[in-house]
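Fold and geometry: a report
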Amino acid sequence: MCSLTTPSGRRWDGSPTAPRPLRALRVAADSPSRLLRTAQPGRCWDCGNCIDWYTRTQGRSVCLHPQELAAATVPASCRWHVDSGIAHPAGDGSRWCRIPHPVLCPAREPAEPMTPHLAELRRRLALRTRRLLDTGAFTPPPPGEPTPVSGLVCRPARPVVQILYGRYLAARPVDDIQCVAQTRRRHRCPHPVLAAEGPAGVWRLMPATAARGQLALPAADMAVYDLTHLPYAEQLRWRTQRCSAHAAAPAAADLALADWEVFDPLLHHQHIHARLPATSPRHRERP
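Structure report, in brief. (Residues numbered from 1 in each chain as written. Predicted model: local features only at pLDDT ≥ 70, side-chain atom pairs only at ≥ 80, totals over all residues. Heavy atoms only, no water.)

1. Some words on the pattern of salt bridges
Evaluated as defined, the whole model comprises ten salt bridges. A salt bridge links Glu261 to Arg158, with the shortest nitrogen-to-oxygen separation between them at 3.2 Å. Placement of the pair is Glu261 in strand S12 (residues 261–262) and Arg158 in the loop between helix H2 (116–135) and strand S8 (160–163), with a sequence separation of 103 residues. Classification of Glu261 as buried rests on a relative accessible area of 14%. Looking at Arg158, the relative accessible area reads 24%, which means it is partly exposed. Sharing partners across several salt bridges, the network here consists of Glu120, Arg123 and Arg124. (Salt bridge = Lys/Arg side-chain N within 4 Å of Asp/Glu carboxyl O. Helix = DSSP H or I, 4+ residues; strand = E, 2+ residues; numbered from the N terminus. Buried < 20%, exposed > 50% of the residue type's maximum accessible area, 1.4 Å probe, protein only.)

The structure is reproduced here in structure tokens:
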């Protein structure tokens, strides 16, 4: 039986034993983000193992395995490298590379045959997940509810939101979008961006217009959570993904990256819904 020994400098659950060294970082006054991190540490929601979040060139995020691996043991299609804090889906020609966590996640079925080295690493992560479950340090998410046969979408898992006349794809339902600011105790703010009292968006059916030069989409209209009728400051608060309290404190640092992804009607066609949600936060309206 293989032991669960971890590399020096890390605990049994994969977390570092010592805090990361402090760096003298400064943010330009015109920077759109106050996130002073090249990599945002976190844990996988499905297996509980440690991951590192990096920003890609397109502005999207990707979760990578915290340690580097020998490039010879990783298939070329799974090799990533980090340059100046940006993750790139290719090798950099060195003997080492990074690998996306979903390839190793024990809670997911492998999409393709794994090399013996990756299979062993995946087995160790599975044993660590079992230990996290046994000690109560990790609780897996509940299984999702089955999709209704009628196909009606009551609460889009990834809604399309229109802010400042631009459309974005959210990472979670509108009422679950969490503030990214850091609290005084250095934790992420638990408050949602959708204020309990105050202006909110309106669900509308809007044309699913494709970009110039692209093929026409099968759906003529799609459900969009429209925020363009709100004041500019309120829309900017949504764009920076901050609650009402932290929007009034611009000096507070960001502890996470905003989850917005620029909406592409062809790339994200599976998130286009032709019906308004049956129940939606605060407002529901047809054009």
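2. Details of unusual backbone geometry
Its identity as a non-glycine residue notwithstanding, Arg186 has a phi of 65°, on the positive side. Turning to its location among the elements, Arg186 is positioned in the loop between strand S9 (166–169) and strand S10 (202–207). Under the relative-accessibility criterion, Arg186 is labelled exposed at 65%.

3. Remarks on the sheet that holds strand S11 (residues 221–226)
The strands making up a sheet associate through hydrogen bonds between their backbones, and the pairing can be parallel or antiparallel. Taken in spatial order, the five strands line up as S10-S11-S8-S9-S12 in an open sheet, and their pairing is mixed. Of all strands in the sheet, those with a lone pairing partner are S10 and S12, marking the two edges. In this structure, S10 lies alongside S11, joined through six bridges in antiparallel fashion. Bridge pairing in S11 links Val202 to Asp226. (Pairing = 2+ DSSP bridges.)

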